Amino acid sequence: MTIGNTTVDEAKGLICELCRLFYDQGWVGGTGGGISMKALAQDGSERIVMAPSGVQKERMEPRDMFVLDNQGNVLHTPEARPAPYRPPKLSECQPLFTAAYELRGAGAVLHSHSLNAVMATMLDPNATEFCVTHIEMIKGIEGHGFYGNCVVPIIENTARECELTDRMRQAIQDYPLANAVLVRRHGVYVWGKDWIQAKTQAECYDYLFEAAVKMAQLGINAAHPPAPLLSNGAAADGKRHAENGVGAAGNGVAAKRLKPSRAQLPRAIVLDIEGTVAPISFVADVMFPYARDNVAAHLEAYYDTPEATADIEA
């Protein structure tokens, strides 16, 4: 976590600014979603600044923010605005935000009702995690790279937000590399070491959710890496073309891009048994006794077949 020099007053303004941005992206419409971040009080102690619940997020002002201590106790409740504004209410996301603060040392946590997040949880109604690989925006998630698997746990929704707390805490503990938790048919929680990283990762996750949904519409599983490309001599051909001046500037010949072909996916993969797909002891403890108990019956049944004869003669 890095609070930096962000003061409580600055955090209040930042939350309003970010909520207006997220509203424009469709993440916090209809009073949904929320955001909180850590900041420094005047005496240097840590505080949590949190947006209220059930309000128009794009119309919030700094004076509407709650301020809590690190244990989640409310230190400041904002004054109520005149009607038709509703009285201030602490966000029901508070215990879920606290889970990320306590278990991950987060500096900021946000909750989005993004449609991309909701649809990502519905790609497989039985899935307990979302997975994507080989997409550039994965690199925006801390600890992840283009070739790796970006996995986000999916928990089931409940009638009330606060009832998700136990599931949220368990998912955070079970997936130490994830910086988000998806809630099926609901949205996503994302955190970071500060508000900048939380915002960055929320945007990257949302991009990945949308990409996976659109890939599924094309019949592509975002969790599977693409098939390898084979050059089929393309590199050598390209070198010969270059030596012969094909495609060189001023020679009047249009350069043609060499098109690599996709390799056919293997129909089978052969793996070693000992120490690869099973413990080394598996051969002596399981396979040898199985062969000893069954080889006689197998030979009696198949001894005269061409396959058995060829094996014996070999």
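If you're wondering where the values come from, they're calculated on a predicted model, not measured in any experiment. (Residues numbered from 1 in each chain as written. Predicted model: local features only at pLDDT ≥ 70, side-chain atom pairs only at ≥ 80, totals over all residues. Heavy atoms only, no water.)

1. Examining the pattern of salt bridges
Side-chain pairs of opposite charge can arise whenever the charged atoms involved come near each other.
Here is step 1 of the chain: Per the stated rule, a full pass over the model turns up 11 salt bridges.
Here is step 2 of the chain: Close ionic contact of Glu 102 with Arg 169 constitutes a salt bridge, the shortest N to O distance being 3.0 Å. In this pair, Glu 102 sits in helix H2 (residues 94–104) while Arg 169 sits in helix H4 (residues 165–174), placing the two residues 67 residues apart along the sequence.
Here is step 3 of the chain: The partly exposed category is assigned to Arg 169, whose relative accessible area is 24%.
Here is step 4 of the chain: Shared partners join several salt bridges into a network, and the residues in it are Glu 61, Arg 63, Asp 64 and Arg 81. (Salt bridge = Lys/Arg side-chain N within 4 Å of Asp/Glu carboxyl O. Helix = DSSP H or I, 4+ residues; strand = E, 2+ residues; numbered from the N terminus. Buried < 20%, exposed > 50% of the residue type's maximum accessible area, 1.4 Å probe, protein only.)

2. Concerning the nonpolar core
Here is step 1 of the chain: Core analysis: the largest hydrophobic core is formed by 44 residues, its most contacted members being Ile 15 and Phe 130.
Here is step 2 of the chain: For Phe 130, the contacting residues outside a window of four places in its chain are Ala 120, Leu 123, Cys 150, Val 151, Val 152, Ile 154, Leu 182, Leu 208, Phe 209 and Ala 212.
Here is step 3 of the chain: Within the second largest apolar cluster, 21 residues are counted, among which are Phe 66, Cys 93, Ala 99 and Met 168. (Core = buried A, V, L, I, M, F, W, Y, C linked by side-chain atoms within 4.5 Å. Contact = heavy atoms within 4.5 Å.)

3. Points about the packing of aromatic side chains
Here is step 1 of the chain: Summed over the entire model, instances satisfying the criterion amount to five aromatic pairs.
Here is step 2 of the chain: Among the aromatic residues, those joined into a ring-pair cluster are Phe 130, Tyr 205 and Phe 209.
Here is step 3 of the chain: We note Arg 81 situated over the ring of Tyr 85; from NZ or CZ to the ring centre the distance is 4.4 Å. (Phe/Tyr/Trp six-rings, centres within 6.5 Å; stacked < 30°, edge-to-face > 60°. Lys NZ or Arg CZ within 6 Å of the ring centre and 35° of its normal.)

4. Notes on the confidence of the model for the chain
Here is step 1 of the chain: The pLDDT averaged across the chain works out to 87; a share of 86% of its residues lies at or above 70.
Here is step 2 of the chain: Contacts for the low-pLDDT stretch residues 233–258, under 50 throughout, to residues beyond four places or in other chains number nine contacts. (pLDDT = per-residue confidence, 0-100.)

5. Looking at the pairing of strand E5 (residues 108–112)
Here is step 1 of the chain: In terms of burial, E5 is a largely internal element, five of the five residues being buried.
Here is step 2 of the chain: Residues Ala 108, Leu 110 and Ser 112 of E5 are buried on one face, and the alternating residues Val 109 and His 111, pointing to the opposite face, are buried as well.
Here is step 3 of the chain: The pairing of E5 with strand E9 (residues 187–192) spans five bridges and is antiparallel. By the bridge assignment, Ala 108 is partnered in E9 with Gly 192. (Pairing = 2+ DSSP bridges.)

6. Re the pairing of strand E2 (residues 46–50)
Here is step 1 of the chain: Bridging between strand E1 (residues 34–40) and E2 involves five bridges; their strand directions are antiparallel. Bridging from a neighbouring strand, Met 37 pairs with Val 49 of E2.
Here is step 2 of the chain: Counting the residues between successive antiparallel strands, the hairpin from E1 to E2 contains five residues, one of them, Gly 44, with a positive phi of roughly 90°.

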